[in-house]
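# Structure assessment
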Amino acid sequence: MLTKEEQERYTRQIILHGFGKAGQEKLKKAKVFLAGAGGLGSPVAIYLAVAGIGTLRITDHDKVELSNLNRQILQWQADIGKNKVKSAAEKLHEFNPNTKIETTSETIDDKNVLKLVGDSDVIVDAMDNLPTRYILNRAAVEKKLPLFHGAVYGFEGRALTVLPGKSACLNCLFHGIKMPAEKFPVIGVTPGIIGCIQATEVIKCITGQGELLTNRLLTYDGLQMKFNEFRVNRDPYCEVCGDKRKR
Ligand SMILES: [Zn+2]
């Protein structure tokens, strides 16, 4: 049930066609696991919190640094040196005290990922490196949870939604390719745009609206100001999600 305060707070989305109080209650019941409270994680968390997601469970092992502030909009000048998740939780509480924020300041690895995801309903990949994205992808496939992938580089970004067992997973797309860890360029508007796309997908998925970004890799080029879409097919031999994979 929505409180009177919630009904007023979310009026503009409750009146959305096909959304209604039922859609709002679905958001309220939902628990979202967010991997990363940085450039992508900030807009994802802010827009999910203001939309009324019931619980946001955020993991990030980093502390806030001065060089984060050009893009990590949940992290402010006074937060330098604090745990990113702690500082993020303080801001998110101010955005919407109705959203419960659970935080862990751990490095996501193969051993702890299932514990960290816990009883979340969906997983958001707001990471900055491919190895952790693969870990999240495997966890999503194992737990059969939707995964919302987003990535940025400079003025460019991409997004893909994965419904395990139904659509291509990250491994169907990348096939385990390795990329060297590097300090890559980012202008803050790019994760702003891609993070908002991920948050849109989460809201659509939880409320059961629209067409999800499955089997379609959306790419964004800020310099040309173009979005493109590439068909991605589920690989039956995919080492992670394939039905015909060698066991
Ligand atoms: Zn796959």
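Preceding this section is the structure that the text describes.
The structure reproduced in this document is the subject of the present report. (Residues numbered from 1 in each chain as written. Predicted model: local features only at pLDDT ≥ 70, side-chain atom pairs only at ≥ 80, totals over all residues.)

The next subject is the overall build of the chain. A count of helices and strands for the chain gives nine helices and eight strands. In terms of C-alpha radius of gyration, the chain reaches 17 Å, essentially the compact-globule figure of 18 Å for 247 residues. Once the C-alpha set of the chain is aligned to its principal axes, its extents read approximately 55 × 40 × 40 Å. Put simply, the chain has 247 residues, and 44% of those count as buried. Restricting the contact set of the chain to residue pairs at least 6 apart, pairs at least 24 apart contribute 66%. (Helix = DSSP H or I, 4+ residues; strand = E, 2+ residues; numbered from the N terminus. Rg over C-alpha atoms; globule rule 2.2 N^0.38 Å. Buried ≥ 20, exposed ≤ 12 C-beta atoms within 10 Å, placed from the backbone. Contact = placed C-beta atoms within 7 Å.)

Turning our eyes to something else, we now look at the sheet that holds strand S7 (residues 216–221). Pairing in this open sheet of eight strands is mixed, and the strands run S3-S2-S1-S4-S5-S6-S7-S8 from one edge to the other. What marks the edges here is a single partner per strand, and that holds for strand S3 (100–104) and strand S8 (226–231). The average angle at which neighbouring strand axes cross in this sheet is 15°, direction not considered. When strand S5 (residues 147–153) meets strand S6 (residues 156–162), the two strands line up antiparallel, connected through seven bridges. Bridge pairing in S6 places Phe 148 opposite Thr 161. Along the sheet, helix H5 (residues 84–95) makes contact with strand S2 (55–59) and S3, crossing S3 at roughly 175°. Packing against the sheet, helix H7 (residues 130–143) makes contact with strand S1 (31–35), strand S4 (122–125), S5 and S6, and its axis sits at approximately 165° to S4. (Pairing = 2+ DSSP bridges. Axes fitted to C-alpha atoms, helices over the stretch in contact; angles between N-to-C directions.)

What follows covers unusual backbone geometry. Unlike most non-glycine residues, Lys 144 shows phi in positive territory, near 55°. Structurally, Lys 144 can be placed in the loop between H7 and S5. Judged by the 10 C-beta atoms lying within 10 Å of it, Lys 144 falls in the exposed class. A positive phi angle is found at Asn 215, which is not glycine, with a value near 60°. Looking at the secondary structure, you find Asn 215 in the loop between helix H9 (189–207) and S7. Looking at Asn 215, the number of C-beta atoms within 10 Å reads 19, which means it is partly exposed.

Our next topic: the packing of helix H3 (residues 20–29) against H9. The N-to-C vectors of H3 and H9 enclose an angle of 110°; their axes lie 9 Å apart at closest approach. Relative to H9, the element H3 is oriented roughly perpendicular. In this structure, the crossing between H3 and H9 has a hand that is right-handed. Where H3 abuts H9, its residues Gly 23, Lys 26 and Leu 27 lie against Ile 203, Ile 206 and Thr 207. (Parallel < 35°, antiparallel > 145°, perpendicular 65-115°, else oblique. Left-handed = near helix turned anticlockwise from the far one by under 90°.)

Let us now look at H9. Taking 1.5 Å as the rise per residue, H9 with 19 residues should run 27 Å; its terminal C-alpha atoms sit 27 Å apart, in good agreement. Positive phi appears at Gly 208, one or two residues downstream of H9, with a value of about 70°. (Expected span 1.5 Å × (residues − 1).)

So, on to the environment of Ala 49. With respect to the helices and strands, the residue Ala 49 is situated in helix H4 (residues 41–51). For Ala 49, a count of 25 C-beta atoms within 10 Å gives the class buried. Ala 49 sits 52 residues away from Ile 101 along the chain, and the two C-alpha atoms are 9.0 Å apart. In contact with Ala 49, other than residues within four places in its own chain, are Leu 56, Leu 92, Phe 95, Asn 96 and Thr 99.

Before going further, it helps to examine the pairing of S2. In terms of burial, S2 is a largely internal element, four of the five residues being buried. Both S1 and S2 contribute to a ladder of five bridges, which runs parallel. By the bridge assignment for S2, Lys 31 is matched with Thr 55. Read as a crossover between parallel neighbours, the route from S1 over H4 to S2 is right-handed. In the sheet, S2 pairs with S3 via five bridges, with the strands oriented parallel. Considered in S3, the bridge of Thr 59 is made with Thr 104. (Right-handed = clockwise from strand over helix to strand, strands pointing away.)

On their own, these measurements won't tell you what the molecule is for.
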